[in-house]
Amino acid sequence: MDADETAWEQRSAVRVVPPVQPRKLAKVPFVELADGRLQGVVSSGSDIERVYVSSIAAGTLALSCSTNNNRPCGGLYGHACKHINALAAEAVVQYGLDRVARYLRIEVPPGGSLMDQVNGPVERTPAAVVFSRFLRHLAYLEVPDSADPLAELHWFPATGAVR
């Protein structure tokens, strides 16, 4: 093992995949492909203090949308609500259509739309996990820039150390 590789493995930073395109965070401040779902936080169109946690399950394409305190979205009945549509659109901007479609295990024909292929059932999922991840994400934005490791992340192995 040479010195450059050793230094690389001992870093406390994880490589961040850059977005496919820059995106605005006002409407959909948090989007992720995690826990077998495309999920994220979407701002309400009518109340500045309300946010929705929306998701599309991979494979089944089950849809879920509720406020951060688990009140169901009024627009999610038989088809995707505007929050899920906004989430999917921002996921395509963030990760690219191919990656999102592959994660959800759907095929999008050339020139087609991701949401044209999504027709799963409504399946309520708890919003707390996604919303707490979003809040944690916001907390990291307040940490000053530094190359030093974050104490609360010390238990993560160095990048590349686990093979």
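Use the structure listed above.
Just so you know, these numbers come straight off a predicted model, no measurement behind them.

Engineer: Any chance you could break down the overall build of the protein chain for me, citing the residues and the numbers?
Structural biologist: Helix and strand counts for the protein chain come out as 4 helices and 4 strands. Reading the helices (α) and strands (β) of the protein chain from amino to carboxyl end gives α-β-β-β-β-α-α-α. When each of the 163 residues of the protein chain is scored for burial, the buried share is 36%. A sequence separation of at least 24 residues applies to 56% of the contacts in the protein chain between residues at least 6 apart. Split by element, the accessible area of the protein chain, about 10500 Å² in all, is 56% carbon and sulfur.

Engineer: Any chance you could break down the nonpolar core for me, citing the residues and the numbers?
Structural biologist: In terms of nonpolar packing, the biggest core is built from 28 residues, with L38, I56, I84 and L104 touching the most fellow members. When residues of this core are traced back to their parent elements, those giving at least two are β1 (30-34), β2 (37-43), β3 (51-57), β4 (63-67), α2 (82-95) and α3 (97-104). Broken down by element, the residue count for this core peaks at 6 residues, all from α2. By size, the runner-up hydrophobic cluster in this structure holds 8 residues, among which are F30, A127, V130 and F131.

Engineer: Please provide a residue-by-residue account of the pairing of β3, values included.
Structural biologist: Of all 7 residues making up β3, 7 are buried, and the element is well covered by its neighbours. Of the two faces of β3, the one holding V51, V53, S55 and A57 and the one holding Y52, S54 and I56 are both buried throughout. Bridge count for β2 against β3 is 7 bridges, and the pairing is antiparallel. Bridge pairing links L38 to I56 in β3.

Engineer: Summarise the sheet that holds β4; cite the residues concerned and give the values.
Structural biologist: Spatially, the 4 strands line up as an open sheet ordered β1-β2-β3-β4, and their pairing is antiparallel. Only two strands of the sheet have a single partner each, and these edge strands are β1 and β4. Put simply, the sheet's adjacent strands are angled 15° from each other on average, direction ignored. The sheet contact formed by β3 and β4 spans 5 bridges and is antiparallel. Directly across from S54, in β4, lies its bridge partner C65. Against the sheet, α3 engages β1, β2 and β3, with an angle of about 120° to β2.

Engineer: I'd like a description of a nonpolar patch on the surface, backed by residues and values.
Structural biologist: A cluster of nonpolar side chains, namely L135, L138 and L141, defines an oily patch on the protein surface of about 280 Å² accessible area. Of note, L141 is situated in helix α4 (residues 128-141).

Engineer: Break down the packing of aromatic side chains for me, citing the residues and quoting the values.
Structural biologist: Two aromatic rings, taken as a pair, are described by how far apart their centres are and by the angle between their planes. A full pass over the atoms with the stated rule returns 2 aromatic pairs. Ring centres 5.8 Å apart and planes at 45° place the aromatic pair F30 and F134 in the tilted group. Here F30, found in strand β1, pairs with F134, found in helix α4; they are 104 residues apart in sequence, far enough to count as distant. The buried category is assigned to F30, whose relative accessible area is 6%. Ring centres of F131 and F134 lie 5.9 Å apart, and the angle between their planes is 50°; this geometry places the pair in the tilted category. Of this pair, F131 and F134 both sit in helix α4, 3 residues apart, roughly one helical turn.

What counts and what doesn't
Residues numbered from 1 in each chain as written. Predicted model: local features only at pLDDT ≥ 70, side-chain atom pairs only at ≥ 80, totals over all residues. Heavy atoms only, no water. Helix = DSSP H or I, 4+ residues; strand = E, 2+ residues; numbered from the N terminus. Buried < 20%, exposed > 50% of the residue type's maximum accessible area, 1.4 Å probe, protein only. Contact = heavy atoms within 4.5 Å. Areas by Shrake-Rupley, 256 points an atom, 1.4 Å probe, with all protein chains shown as cover. Core = buried A, V, L, I, M, F, W, Y, C linked by side-chain atoms within 4.5 Å. Pairing = 2+ DSSP bridges. Axes fitted to C-alpha atoms, helices over the stretch in contact; angles between N-to-C directions. Patch = residues over 30% accessible without salt bridge, like charges linked within 9 Å, V, L, I, M, F, W, Y side chains within 5 Å. Salt bridge = Lys/Arg side-chain N within 4 Å of Asp/Glu carboxyl O. Phe/Tyr/Trp six-rings, centres within 6.5 Å; stacked < 30°, edge-to-face > 60°.

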